[in-house]
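Here is how the chains run, residue by residue.
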Amino acid sequence: YSTLENILLNLAGTFAVGVAMVPCSCWPDAEAAISRVHGFVGVSFFLSMAAVCLFCAWDTINLLPDQKTRDAFNRRYRIIGTLLVASPAAALLVSYVLRQFDNYRFFVEAFGVWMFAAYWLIKSREFSITSAEKRAVRGQLENRKGRGVVPAPAGAAPRPAYHDDAVPVPTR
């Protein structure tokens, strides 16, 4: 719903493709350079998703019906964002510092993948409550700088993309 979110999600998607296309040479006699590339794109993927949770998820929270619900979703996004940062940090710790626990790296990375899945599950739940995607497609929402996504004024035509204080929410 924002330019920052769009950039971060595009980066995350690119990094996810990189993780899939650059195999991890995780055995001891393997070429180390390819493992570093795999590690870089993997960590970058998780950090991009963490940034979405920590800096962009609140954009649509104000469409939720009450403050208690908004606080609950905000708390969930903060926890998931923090865990998305912690997961690759733990994987790096296990890989390079605590080598005796190297066999647990897969489980640490899998935990991060599950946190990513939890984000999408919670975001999907939020959208099922707010109908944000449907409302955006109908031009009923706009992204106001500093306020996030808010209902567009009734009967108002979508504003141009470079208006002073608001831009229409991009349609998908």
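Enquirer: Would you explain a nonpolar patch on the surface in this entry?
Expert: On the surface, a cluster of nonpolar side chains totalling about 390 Å² of accessible area is made up of Y104, F106 and F107. The topology assignment puts F107 in helix α4 (residues 105-130).

Enquirer: Please clarify how the pairing of strand β2 (residues 148-151) should be interpreted in this entry.
Expert: In regular strands, side chains alternate between the two faces of the sheet. Sheet analysis places strand β1 (residues 141-144) next to β2, joined by 4 bridges and oriented antiparallel. Looking at β2, one finds that R144 is bridged to G148. Linking β1 to β2, which pair antiparallel, is a turn of 3 residues; within it G146 sits at a positive phi near 85 degrees.

Enquirer: Looking at this structure, I do not really get the pattern of salt bridges. What am I missing?
Expert: Oppositely charged side chains are able to pair whenever their charged atoms sit close together. Going through the model one piece at a time under the given rule, you end up with 1 salt bridge. In this structure, the salt-bridge partner of E126 is K123, at a minimum N-O distance of 3.1 Å. Of this pair, E126 and K123 are both found in helix α4, 3 residues apart, which corresponds to roughly one turn of the helix. One exposure class covers both E126 and K123, and it is buried.

Enquirer: Teacher, can you tell me more about the nonpolar core here?
Expert: Side chains that are nonpolar tend, in soluble globular proteins, to be buried together. Grouped together as the largest cluster of nonpolar side chains are 23 residues, with contacts concentrated most on F45, M49, F73, Y77, I80, L84 and Y119. Taken together, the elements giving at least two residues each to this core come down to α1 (3-21), α2 (32-56), α3 (67-96) and α4. In terms of residues, this core owes the most to one element, α2, which gives 9 residues. When sequence neighbours within four positions are dropped, the list of residues in contact with I80 reads C53, M115, A118, Y119 and I122. Counting 7 residues, the second largest nonpolar core, distinct from the first, contains Y1, F127, A132 and A136.

Enquirer: Help me understand the environment of A86, please; the structure alone is not making it clear to me.
Expert: Structurally, the position occupied by A86 is in helix α3. Taking the C-alpha atoms as reference points, A86 and G112, 26 residues apart in sequence, are found 8.3 Å from one another.

Enquirer: Whenever I open this one, the confidence of the model for the protein chain confuses me. Can you help?
Expert: Do not read the fine detail of predicted coordinates wherever pLDDT is low. The share of residues in the protein chain with pLDDT of 70 or more is 80%, and the mean pLDDT across the chain is 80. Looking at the elements of the protein chain, mean pLDDT is at its lowest for strand β3 (residues 166-168), recorded as 53, and at its highest for α1, recorded as 90. This stretch, residues 161-165, has a pLDDT under 50; its non-local contacts, to residues over four places away or in other chains, come to 6 contacts.

Enquirer: Would you take a moment to explain α4 for this structure?
Expert: An α-helical turn contains 3.6 residues, so any two residues separated by three or four positions project in the same direction. Counted at 1.5 Å a residue, the expected span for α4 with its 26 residues is 38 Å, and the 38 Å between its end C-alpha atoms agrees. Backbone geometry just downstream of α4 places S131 in the positive-phi region, at approximately 55 degrees.

Enquirer: Where do I start with the environment of S2 in this structure?
Expert: Tracing the backbone shows S2 in the segment before α1. Each C-alpha atom of the pair S2 and K145 lies 9.4 Å from the other, and the pair is 143 residues apart in sequence. Beyond its immediate chain neighbours, meaning those up to four positions away, S2 contacts C56, D59 and N143.

Conventions and cut-offs
- Residues numbered from 1 in each chain as written.
- Predicted model: local features only at pLDDT ≥ 70, side-chain atom pairs only at ≥ 80, totals over all residues.
- Heavy atoms only, no water.
- Patch = residues over 30% accessible without salt bridge, like charges linked within 9 Å, V, L, I, M, F, W, Y side chains within 5 Å.
- Areas by Shrake-Rupley, 256 points an atom, 1.4 Å probe, with all protein chains shown as cover.
- Salt bridge = Lys/Arg side-chain N within 4 Å of Asp/Glu carboxyl O.
- Helix = DSSP H or I, 4+ residues; strand = E, 2+ residues; numbered from the N terminus.
- Pairing = 2+ DSSP bridges.
- Buried < 20%, exposed > 50% of the residue type's maximum accessible area, 1.4 Å probe, protein only.
- Core = buried A, V, L, I, M, F, W, Y, C linked by side-chain atoms within 4.5 Å.
- Contact = heavy atoms within 4.5 Å.
- pLDDT = per-residue confidence, 0-100.
- Expected span 1.5 Å × (residues − 1).

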